[in-house]
Amino acid sequence: MLHYHTIPVTAFQQNCSLLWCDATSEATLVDPGGDIDRLLSAVAERGLSLQQIWLTHAHIDHAGGAGELAETHQLPITGPHPGDQFWIDGLPQQSAMFGFPPARSFTPTRWLQDGDTVQIGQETLHVRHCPGHTPGHVVFHAPQIQRCFVGDVLFAGSIGRTDFPQGNHQQLIDSIVQRLWPMGDETVFIPGHGPESSFGRERRSNPYVGNT
């Protein structure tokens, strides 16, 4: 079975997710934005073997620790979509702008496209490209546990910002309606910030995408 544990990191309280396959104890970190020692401690506490890094997008609070973690532990970086290359290239500038520890740019081991799959141990997750917050944003859907790791596409009661470079409000709405809602009302999503919610709850009550 697939398990996960949410670890808020950085001053932005970004939800980094530790995912693991209980059959193999192999694990991945989704969006290791920083506080690497805390993340590695969470891995060690559970007796897991960290194998990969997955990124939903390349804003500093989500990707700021990825380059260092990949280099020091020889880990592949999977994602995001190539549309976020300019955000990855700008990670050093992003870290300086927001007062984060120095972040390094990198080239992902594997770029992701809509419809791809990723695997950790014996567990497979489905990738959907959900642009709008950033052009290369992806989400990771785990239908076997009715969960989706959505980064900054959707929040409990809100949606991602679209006032950053190459953000697009209508594109974000389309991503939510066309790519998240079909995963089902019962699917619980883990956002990049704040508490979990379900797609059904947001379809009913979210002020930005309710009744869509």
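In the block above lies the structure referred to throughout.
Residues numbered from 1 in each chain as written. Predicted model: local features only at pLDDT ≥ 70, side-chain atom pairs only at ≥ 80, totals over all residues. Heavy atoms only, no water.

A. View of the nonpolar core. Of all hydrophobic cores here, the largest spans 29 residues; its most connected members are Leu18, Leu29, Ile53, Leu55, Ile77, Leu91 and Phe106. For this core, the secondary structure elements donating two or more residues are strand 1 (2-9), strand 2 (14-21), strand 3 (26-30), helix 1 (36-45), strand 4 (49-54), helix 2 (60-63), helix 3 (66-73) and helix 4 (85-89). In terms of residue count, the dominant contributor to this core is helix 1 (four residues). In contact with Leu18, other than residues within four places in its own chain, are His3, Tyr4, His5, Ile7, Ala27, Thr28, Leu29, Ala42, Val43, Arg46 and Leu48. The next biggest cluster of nonpolar side chains, apart from the first, holds 16 residues, and it includes Val150, Val153, Ile176 and Met183. (Core = buried A, V, L, I, M, F, W, Y, C linked by side-chain atoms within 4.5 Å. Buried < 20%, exposed > 50% of the residue type's maximum accessible area, 1.4 Å probe, protein only. Helix = DSSP H or I, 4+ residues; strand = E, 2+ residues; numbered from the N terminus. Contact = heavy atoms within 4.5 Å.)

B. Spatial organisation of the packing of aromatic side chains. Scanning the entire structure with this criterion turns up eight aromatic pairs. Aromatic pair Phe12 and Phe98: ring centres 5.7 Å apart, planes at 85°, arrangement edge-to-face. Within this pair, whereas Phe12 is found in the loop between strand 1 and strand 2, its partner Phe98 is found in helix 5 (residues 91-98), the two being separated by 86 residues in sequence. On the basis of an interplanar angle of 85° and a centroid distance of 5.0 Å, the ring pair of Phe12 and Phe100 is categorised as edge-to-face. Taken together, the residues Phe12 in the loop between strand 1 and strand 2 and Phe100 in the loop between helix 5 and strand 6 (117-120) connect sequence positions 88 residues apart. Joined through ring pairs, the aromatic side chains of Phe12, Phe98 and Phe100 make up one cluster. (Phe/Tyr/Trp six-rings, centres within 6.5 Å; stacked < 30°, edge-to-face > 60°.)

C. A look at helix 1. Where helix 1 is concerned, the buried positions are Ile36, Leu39, Ala42 and Val43. The arc that holds the buried residues of helix 1, viewed along the axis, is 125°, so those residues lie on one side. In helix 1, the exposed positions that point more than 90 degrees away from the buried face belong to Asp37, Ala44 and Glu45. At its buried positions, helix 1 is contacted by strand 1, strand 2, strand 3, strand 4 and helix 3. (Arc of directions from axis to C-beta.)

D. The environment of Met97, seen in detail. With respect to the secondary-structure elements, Met97 resides in helix 5. Each C-alpha atom, one on Met97 and one on Ile60, is 9.8 Å from the other, the two residues being 37 residues apart in sequence.

E. Up close: the sheet that holds strand 2. One open sheet holds the five strands; their spatial order is 1-2-3-4-5, and the pairing between them is mixed. Of all the strands in the sheet, the pair left with one neighbour each is strand 1 and strand 5 (77-78). As paired elements, strand 1 and strand 2 share eight bridges and run antiparallel to each other. Its bridge partner lying in strand 2, Leu2 is registered against Cys21. Strand contacts of helix 1: strand 1, strand 2, strand 3 and strand 4, with the helix running at about 155° to strand 1, the strand carrying the most contacts. (Pairing = 2+ DSSP bridges. Axes fitted to C-alpha atoms, helices over the stretch in contact; angles between N-to-C directions.)

F. Fine view of the pattern of salt bridges. Tallied over the full model, the rule gives eight salt bridges. Here Glu45 makes a salt bridge to Arg46, at a shortest N to O gap of 3.8 Å. Assessed through its relative accessible area of 32%, Arg46 is described here as partly exposed. One salt bridge in this structure joins Arg161 and Asp163, with 2.9 Å as the shortest N-O distance. Look at the salt bridges and you will find they share partners, linking Asp114, Arg128 and Arg179 into a network. (Salt bridge = Lys/Arg side-chain N within 4 Å of Asp/Glu carboxyl O.)

G. Seen up close, a nonpolar patch on the surface. Residues Phe12, Met97 and Phe98 make up a contiguous nonpolar surface patch of roughly 320 Å² in combined accessible area. Its relative accessible area of 35% is what places Phe12 among the partly exposed residues. (Patch = residues over 30% accessible without salt bridge, like charges linked within 9 Å, V, L, I, M, F, W, Y side chains within 5 Å. Areas by Shrake-Rupley, 256 points an atom, 1.4 Å probe, with all protein chains shown as cover.)

H. Structural detail: the pairing of strand 7 (residues 123-129). Where burial is concerned, the two faces of strand 7 differ: the one with Glu123, Leu125, Val127 and His129 is buried and the one with Thr124, His126 and Arg128 is not. Between strand 6 and strand 7, which pair antiparallel and follow one another directly, the connecting turn spans two residues, one of which, Gly121, has a positive phi of 60°. Relative to strand 8 (residues 138-142), strand 7 runs antiparallel, the two sharing four bridges. Across the sheet, residue Arg128 finds its bridge partner in strand 8, namely Val139.

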